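Fold and contact review
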Amino acid sequence: MSSARNSATDRPTHHLHHDWAGEKWVSDRIVRTIAEYEDESPDDLPPLSDSINPNALDRAFESVDGTVGKAGCITFSYYGYTVLVQSTGQILIKKNS
C-alpha cells in the first residue's frame, strides 16, 4: 500500500512508497497524489500520457515472479511537479518553483 509520509505543506518534496508486487498502478497513485496536493480532482488534471507513457511506467520495475525487478529510476515532469520513481518503490514528488 502506498502511503504519503508528508502533507503538501510539510516539505517541498513529498515521499511515497509503492509496492511493485502488491499494488495496482503507480501511475494512478502519482496522479491521485498530485491532485490531492493541489486540492483538485484527478479527473481535472491533464492525462499523465502527456508527460510519460503510463503503461510503461507501471511495468518498468515489476517482477514476474515476485522477486526484485530491474534496478533503476525514472524521472519526469507532470503538472508542475518533478516526479522520481525508483525501482525500490520510493517515489519523490517535488513542486517545481
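Since the model is a prediction, treat every value here as computed from it, not as a measurement.

Helices and strands together make up the secondary structure of the protein, namely two helices and four strands. When the helices and strands of the protein are placed in sequence order, the string is β-α-α-β-β-β. Considering the protein as a whole, with its 97 residues, one finds that 35% of them fall into the buried category. Look at the contacts in the protein between residues 6 or more apart in sequence, and 48% of them connect residues 24 or more apart. For the protein, the computed accessible surface area is about 5,800 Å², with 49% contributed by carbon and sulfur atoms.

The subject of this paragraph is the pairing of strand E3 (residues 81-86). Examined bridge by bridge, strand E2 (residues 73-78) and E3 share six bridges and lie antiparallel to one another. Across the sheet, residue Phe76 finds its bridge partner in E3, namely Val83. Counting the residues in the hairpin turn of E2 and E3 gives two residues, including Tyr79, whose phi is positive at 50°. Pairing analysis gives five bridges linking E3 to strand E4 (residues 90-95), with the strands arranged antiparallel. By the bridge assignment for E4, Val85 is matched with Ile91. Hairpin remark: E3 followed by E4, antiparallel, with three residues in the connecting loop; positive phi at Gly89, about 100°.

This part covers the sheet that holds strand E1 (residues 13-17). With antiparallel pairing, the four strands of this open sheet are ordered in space as E1-E4-E3-E2. Strands at the two margins of the open sheet, each flanked by one partner only, are E1 and E2. Here the strands of the sheet are splayed against their neighbours by 15° on average, with no regard to which way each runs.

Under the 1.5 Å per step criterion, the end-to-end length of helix H1 (residues 26-37) is 17 Å for 12 residues, consistent within 8% with the ideal 16 Å. When you tally the buried positions in H1, you get nine out of 12 residues, the bulk of the element. If you check which residues of H1 are buried, you get Val26, Ser27, Arg29, Ile30, Val31, Thr33, Ile34, Ala35 and Tyr37. Summarising the contacts, the buried residues of H1 are in contact with E1, helix H2 (54-59), E2, E3 and E4. Within two residues after H1, Asp39 carries a phi angle of roughly 55°, on the positive side.

One can find Gln86 in strand E3. Put simply, Gln86 and Ala60 are 26 residues apart on the chain and 9.8 Å apart in space, counted from C-alpha to C-alpha. Apart from residues no more than four positions distant in its own chain, Gln86 is found in contact with Trp20, Phe61, Gly72 and Cys73.

What counts and how
Residues numbered from 1 in each chain as written. Predicted model: local features only at pLDDT ≥ 70, side-chain atom pairs only at ≥ 80, totals over all residues. Heavy atoms only, no water. Helix = DSSP H or I, 4+ residues; strand = E, 2+ residues; numbered from the N terminus. Buried < 20%, exposed > 50% of the residue type's maximum accessible area, 1.4 Å probe, protein only. Contact = heavy atoms within 4.5 Å. Areas by Shrake-Rupley, 256 points an atom, 1.4 Å probe, with all protein chains shown as cover. Pairing = 2+ DSSP bridges. Axes fitted to C-alpha atoms, helices over the stretch in contact; angles between N-to-C directions. Expected span 1.5 Å × (residues − 1).

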